[in-house]
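Structural overview for review
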Amino acid sequence: MALVLCETDDGVATVTLNHPEVRNAVSLEMNRELDAVFDELEDDESVGAVVLTGAPPAFSAGANLDELLASDDPSSLSSIYAGFLRVASSPLPTVAAVNGAAVGAGMNFALACDVILAGRSAMFESRFLQIAIHPGGGHTWRLQDICDRQTAMAMVVFGERLDGALAAEIGLAWKCVDDDALLDEARRMARRPTRAPRELTKAMKKTIIDMGAITDSAAAVAREVDPQVWSMKQPEFKERVAALKEAISKSSS
């Protein structure tokens, strides 16, 4: 059985963590399959964005515990991190459609995506405290980067869990939607960047990520100017501006 499924429609790839019998627990084999899937998607010029979800009833319930127990050194732990770090490193825009539990390493998969959409049944839980293990894989950094230090403290040190509605309220998720609308909403959102030039959306994503290391306005302006000039020299920009000007002219006549 494939542990990672992938289907593509209208420029959007839907990647599904597919081991529902163990609530899509993160395993080394799943990570290997996910790496291969993302390699293929990034090589496919027809794919402009990715939706990541889990086969019901969960998004991902965390790391495979047997493999985790056997991974007590940095090298072996890096193999457990490899799946969500592969998602995080993808230049393609990514949307996590969180259906059900996203726990520990499984929550890291959601945090690795550019945008998180939560279903009503979503449940976000760090759970490192509960099993007496220190967080790993950049969990505290990603959580604090998306939300704030207080949220990271509440979830990691105090063991708080969030449902989909609360996740959206505090900014961990972009929005919370009904479960039966979750995938459609995620695909609708992911479809928008596929309508733009692929290299442009990749450049936009890289710029936003790079801005995390920039601390002043002048450096931010300097970081954006080269890719903005590049985009203005592309034929798509000139074509779209011409179409916009024509539409404005028609509406005002």
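It should be noted that the structure appears before, not after, this text.
Cut-off values and rules
- Residues numbered from 1 in each chain as written.
- Predicted model: local features only at pLDDT ≥ 70, side-chain atom pairs only at ≥ 80, totals over all residues.
- Heavy atoms only, no water.
- Core = buried A, V, L, I, M, F, W, Y, C linked by side-chain atoms within 4.5 Å.
- Buried < 20%, exposed > 50% of the residue type's maximum accessible area, 1.4 Å probe, protein only.
- Helix = DSSP H or I, 4+ residues; strand = E, 2+ residues; numbered from the N terminus.
- Contact = heavy atoms within 4.5 Å.
- Pairing = 2+ DSSP bridges.

Residues Val98, Phe109, Ile116, Phe124 and Leu172 are the most contacted members of the largest nonpolar core, which totals 44 residues. Among the elements of the structure, β2 (12-17), α1 (28-43), β3 (49-54), α3 (74-89), β4 (94-98), α4 (105-111), β6 (115-119) and α6 (149-157) are those that each provide at least two residues to this core. If we ignore the near neighbours within four places in the chain, the residues touching Val98 are Phe59, Ala110, Ile116, Leu117, Ala118, Gly119, Ala122, Phe124 and Leu182. The next biggest cluster of nonpolar side chains, apart from the first, holds 11 residues, and it includes Val12, Val95, Met189 and Ala190.

Buried residues dominate β6, accounting for 4 of its 5 residues. In the sheet, β4 pairs with β6 via 4 bridges, with the strands oriented parallel. Bridge pairing links Val95 to Val115 in β6. Bridging between β6 and strand β9 (residues 175-177) involves 3 bridges; their strand directions are parallel.

Most peptide bonds are trans, and most residues other than glycine sit at a negative phi. Looking along the chain, the bond that leaves Pro56 and enters Pro57 is cis, with omega of 20°. Along the polypeptide, Pro57 turns up in the loop between β3 and α2 (65-69). Positive phi values are uncommon outside glycine, yet Arg127 reaches one of about 65°. With a relative accessible area of 32%, Arg127 lands in the partly exposed category. Of note in this structure, Ala132 is not a glycine but carries a positive phi near 60°. Locating Ala132 in the fold gives a position in the loop between β7 (123-125) and α5 (139-146).

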